[in-house]
Amino acid sequence: MKRHILVSEKSAAISAIASALDFPEWFGQNLDALYDSLTDLSWLPAGEYTLVVPADLDSSVSSVLRDAAKQTAESGDRKVRVIRTER
């Protein structure tokens, strides 16, 4: 499943990612919760989930996405892939 994230500001990007991946209501809207949710995804079917994000995405969000993609690539049946693109 591929989802496009069109915002680069931190809180808007976190919200857009949460919406794109249908995060549970308990999602905490912060970077720690973002990482935890991205490395879990147990509410979604097994498979690869691709996020297309702008190249100018907030660096702290980019870092969490990179770390989560690395973690899910190494284990689990739900993988996160991140593609950075110009708008």
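Before reading further, recall that the structure is shown in the block above.
Below you will find a few notes about this structure. (Residues numbered from 1 in each chain as written. Predicted model: local features only at pLDDT ≥ 70, side-chain atom pairs only at ≥ 80, totals over all residues. Heavy atoms only, no water.)

## Re the environment of aspartate 22
Keep this limit in mind: Secondary structure follows DSSP: runs of H or I at least 4 residues long count as helices, runs of E at least 2 residues long count as strands, and numbering of each begins at the N terminus.
By secondary structure assignment, the location of aspartate 22 is in the loop between α1 (10-20) and α2 (31-38). Aspartate 22 sits 42 residues away from valine 64 along the chain, and the two C-alpha atoms are 18 Å apart.

## Concerning α2
Selection criterion: Whether a residue is buried, partly exposed or exposed follows from its accessible area with a 1.4 Å probe, protein chains only, as a fraction of its type maximum: under 20%, in between, or over 50%, in that order. Picture the helix axis, draw a direction to every C-beta atom, and the arc is the one those directions span. Under this definition, polar contacts are N or O atom pairs within 3.5 Å; protein pairs additionally need one hydrogen-donor-capable and one acceptor-capable atom, and for neighbouring residues in sequence, both atoms have to be side-chain atoms.
Among the residues of α2, those classed as buried are Ala33, Leu34, Ser37 and Leu38. Looking down the long axis of α2, one finds its buried residues gathered within 130 degrees of arc, a one-sided arrangement. For α2, the N-terminal capping position is held by asparagine 30, with its side-chain oxygen 3.1 Å away from the main-chain nitrogen of aspartate 32.

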